Amino acid sequence: MANRFVRSSKYRHVFGRPTRKEQCYDNIRISKNAWDTNLIKANPEYLSVNWDSSGGGAFAVIPVNERGRLPERIPLFRGHTAVVLDTDWNPFNDSLIASGSDDGKVFLWRVPDDFTLHLDVPADEVQDVSPVGKLSGHPKKVGHVLFNPAAENVLASAAGDFTVKLWDIESGSAKLNLKVGEVIQSMSWSADGSLMVTTSRDKKLRIWDTRQEKPAHEVAGHAGAKNSRAVWMGEHDRVATTGFSRMSDRQLALWDIRAPQQPVDGFQMLDSISGVCMPFWDDGTQCLYLAGKGDGNIRYYEYEHDKFEYLSEYKSSDPQRGVAFVPKRGVNMHENEVMRAYKTVNDNYIEPISFIVPRRAESFQEDIYPPTVGLKPAMSSNEWFEGASGLPPKISLESLYEGQGIKEVPADAPKPVKKAPEPVKAPEPKPEVAEPSPAATPTIRSPPPSMKDQGATMMAAATKFQDSEPVEEDGDDDSSFEEVQKPAERTSAVKPAVAEESKEEPTPATSKAQADAEDFETETRATESPKTTVPDLKSPKLAGDESGSATDDASSQSMEREMKNMKAMMAQQSRQLSSLTQTLTELVAEVKALKGS
């Protein structure tokens, strides 16, 4: 028991709660097409389902509050001449949806006001819904459609012509064209809508600078032959992918988009199940959900310290072919529901699954419900195509909890910290080198740019010291250096000495000691101020000699220059350690790559 360690997390006990059959969406006819998509999409108001229909393609829209058994004949969204392969809801308009089909067309639809599936008309008089817009340009089937999460009315569509077109749906034209060169298996936008990640049949992971129409990075992804998926992790500069190894084991990987040559900590093996793993990211809880296609399980991880910490798994004997997660503004906060998923079961009904944080408090839980994206975009489509970028404004979930409607969070309100690990840990061995000066720790932790800015000044001070060496101070160097190691004793020694000399010059000596004691930590970051080390080096002489002679001033100045020289040496050693650490990391990555090949 003494060796057991439990990681602290408020999501460690999150559990998935199933729904009784009578509260599910029954009598569903889900498309049996073999194209690999999620089959269903969800927003707080509606579900969209790729429908198994005759006479061309169609999909159904189901209001989330109309649970139970659906009528035999419902109004379908019909207009495609071939099967519908994918749909996606507009993130800023819950009534607008796009669809991609095997006929090579992208259609736009608007859900009618007061839309319902339970109509008081005969079955043969039920009217289908027609599209409000058509986007033509792909010569082959459109397998994926995905709205931009930050810009209004910007839509991406991936097709069998091995391209991703970026549409301005206001003008109805494709403004940009990304030439992938292979069958696109999945795509995902960054939070600000400026970058996109794609996976494809050639096993490559590509990170696109969309408005430059070229990939910023193109690296080898999962080595298996089966489909891989990618999801952008919200406001992080990280991407999570799922795929297969050469031995057909399911894998999970985390990628740093700034250096994606190899995944962070390599590929993590999940299991040996053959179904594709569908990843979903929740930026509010910093959790990743993995839903297996063909099995009934949904496992979830918490992202922390640049790794995925396994939390738990929702297990079910009912296999799923499609899964959709609702945006955070659609969860039931009164039940501490942090995520809600919809899964298809046996291709004939859809089951909601609530992921709940078990708590007894009945008030708003602000720690698990941070501000989230609302219905207001960050920019228009024209601004986006002209190069603008930005995150959409956040809304307060507490206002929704209290029934006060949507309230936008002020721009200066605290936002979730963007996790971007920097090489701060590399200089950690430095405390052993800097042991003579306890106050040197702030220099070690200062950001690399500050160290570089200080480098020139420090080296200049060191060179200056070498050109003009002090005379007759060699015997005092060691003793003065010893005193710097004991700031507590030095401070106590200074005060009595100043008290004895108060009759001669009380004000200058006292002000120097106090100012220098307060500013010593600042000196380690800004070496331009030479006042920090002067009182520390003078203090032993003040305690033993009250004369305040010119010899003491010369000694203190020489000690000051010596301290600057030491700091320059410490900065050089810090940079060398950082360089060696980076080289070692690259060598380890190369060894892993060689072993993997």
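Rules and cut-offs
Residues numbered from 1 in each chain as written. Predicted model: local features only at pLDDT ≥ 70, side-chain atom pairs only at ≥ 80, totals over all residues. Heavy atoms only, no water. Helix = DSSP H or I, 4+ residues; strand = E, 2+ residues; numbered from the N terminus. Buried < 20%, exposed > 50% of the residue type's maximum accessible area, 1.4 Å probe, protein only. Contact = heavy atoms within 4.5 Å. Pairing = 2+ DSSP bridges. Axes fitted to C-alpha atoms, helices over the stretch in contact; angles between N-to-C directions. UniProt positions renumbered as here; feature names shortened; annotations may be inferred. Phe/Tyr/Trp six-rings, centres within 6.5 Å; stacked < 30°, edge-to-face > 60°. Lys NZ or Arg CZ within 6 Å of the ring centre and 35° of its normal. Salt bridge = Lys/Arg side-chain N within 4 Å of Asp/Glu carboxyl O. Core = buried A, V, L, I, M, F, W, Y, C linked by side-chain atoms within 4.5 Å. pLDDT = per-residue confidence, 0-100. Lys, Arg positive; Asp, Glu negative; His and termini not counted.

The helix and strand tally for the chain stands at 11 helices and 32 strands. Split into buried and exposed, the 597 residues of the chain put 49% on the buried side. Of the contacts made within the chain by residues no fewer than 6 positions apart, 56% connect residues no fewer than 24 positions apart.

Quick look at the sheet that holds strand 3 (residues 40-42) now. Pairing within the open sheet is antiparallel, and its four strands lie in the order 3-4-5-7. Only two strands of the sheet have a single neighbouring strand rather than two, namely strand 3 and strand 7 (77-80). Taking the axes of each pair of neighbouring strands and ignoring which way they run, one obtains an average angle of 20° across the sheet. In this sheet, strand 7 lies alongside strand 5 (residues 57-63) in antiparallel orientation, the contact comprising three bridges. From the neighbouring strand, Ala58 faces strand 7, where its bridge partner is Arg78.

Now for the pairing of strand 20 (residues 229-232). Covered by surrounding structure in strand 20 are Arg229 and Val231 together with Ala230 and Trp232, the residues of both alternating faces. In this structure, strand 20 lies alongside strand 21 (residues 238-244), joined through four bridges in antiparallel fashion. Bridge assignment links Val231 to a residue of strand 21, and that residue is Ala240. Linking two consecutive strands that pair antiparallel, namely strand 20 and strand 21, is a turn of five residues; a positive phi of about 60° is found at Gly234 within it.

All right, on to the UniProt feature "repeat: WD" (unreviewed entry) in the chain then. In this structure's numbering, the residues bearing the UniProt feature "repeat: WD" (unreviewed entry) are residues 77-111, 135-177 and 184-218. End C-alpha to end C-alpha, residues 77-111 measures 9 Å, and it is 0% helix and 63% strand.

With that settled, consider the side chain of Ser245. Within the fold, Ser245 resides in the loop between strand 21 and strand 22 (250-256). On the basis of relative accessible area, Ser245 is assigned to the buried category, the value being 12%. If we ignore the near neighbours within four places in the chain, the residues touching Ser245 are Ala223, Gly224 and Gln251.

Once that is clear, we can look at the sheet that holds strand 24 (residues 277-282). Read from one edge of the open sheet, four strands run 24-25-26-27, paired in antiparallel fashion. The open sheet has two edge strands with one neighbour each: strand 24 and strand 27 (307-314). Along the sheet, successive strands turn relative to each other by an average axial angle of 25°, direction set aside. Two strands pair when backbone bridges link them, and strand 25 (residues 287-292) and strand 26 (residues 298-304) are joined in this way by five bridges, in the antiparallel orientation. Counted as the bridge partner of Ala291 is Ile298 from strand 26.

Let us now look at the packing of aromatic side chains. Aromatic ring pairs are reported here in terms of the distance separating the ring centres and the angle at which the planes meet. Using the criterion set out here, one finds 23 aromatic pairs in the structure. Ring plane angle 15° and centroid distance 6.2 Å describe the contact between Phe325 and Phe355, whose orientation is recorded as stacked. You can see Phe325 sitting in strand 28 (residues 323-325) and its partner Phe355 sitting in strand 30 (residues 349-356), a full 30 residues away along the chain. Each member of the pair Phe325 and Phe355 is classed as buried. Taken together, the aromatic side chains of Phe280, Tyr289, Tyr300, Tyr314, Phe325 and Phe355 make up a single cluster linked through ring pairs. The ring of Tyr349 carries Lys21 above its face, with NZ or CZ at 4.5 Å from the centroid. The ring centre of Phe385 lies 5.0 Å from the NZ or CZ of Lys175, which sits over that ring.

With respect to the helices and strands, Ala123 occurs in the loop between strand 10 (105-110) and strand 11 (133-136). Ala123 gets classed as partly exposed once you look at its relative accessible area, which sits at 47%. Between the C-alpha atom of Ala123 and that of Pro71, which follows or precedes it by 52 residues, the distance is 8.8 Å.

Before going further, it helps to spend a moment on the pattern of salt bridges. Any two side chains of opposite charge can pair, so long as their charged atoms come close to each other. Counted under the stated rule, the structure contains 33 salt bridges. A salt bridge links Arg250 to Asp271; its shortest N-O distance comes to 2.8 Å. Here the residue Arg250 occupies a position in strand 22, and Asp271 occupies one in strand 23 (residues 268-271), the gap between them amounting to 21 residues. Across this residue pair, the class does not change: Arg250 and Asp271 are buried.

The next point concerns the nonpolar core. The biggest cluster of nonpolar side chains holds 59 residues, and the ones touching the most others in it are Ile28, Tyr289, Phe325, Tyr342 and Phe355. Broken down by element, this core gets its largest block of residues, five residues, from strand 5. Those residues in contact with Phe325 that sit more than four places away from it in its chain are Ala42, Phe280, Tyr289, Ile298, Met339, Arg340, Ala341 and Phe355.

What follows deals with unusual backbone geometry. In this structure, Asp265 takes a positive phi of about 65° despite not being glycine. Of note, Asp265 is situated in the loop between strand 22 and strand 23. With a phi close to 55°, Asn346 is a non-glycine residue in the positive phi region. Mapped onto the fold, Asn346 is located in the loop between strand 29 (337-345) and strand 30.

Looking now at the confidence of the model for the chain. Per-residue pLDDT for the chain averages 81, and the proportion of residues at 70 or more is 75%. Within the model, pLDDT remains below 50 along residues 413-450, and this stretch shows 52 contacts once partners closer than five positions in the same chain are excluded.

Before going further, it helps to examine the side chain of Asp249. With respect to the secondary-structure elements, Asp249 resides in the loop between strand 21 and strand 22. For the buried residue Asp249, which engages in no salt bridge, the nearest side chain bearing the opposite charge is Arg250, 8.9 Å off. Ignoring anything within four residues of it in the chain, the contact list for Asp249 reads Gly243, Phe244, Met269, Asp271 and Ser272.

A few words on the pairing of strand 12 (residues 142-147). Most of strand 12 sits out of view: six of its six residues are buried. Two strands pair when backbone bridges link them, and strand 12 and strand 13 (residues 154-159) are joined in this way by five bridges, in the antiparallel orientation. Residue pairing for strand 13: Val142 is matched across the bridge by Ala159.

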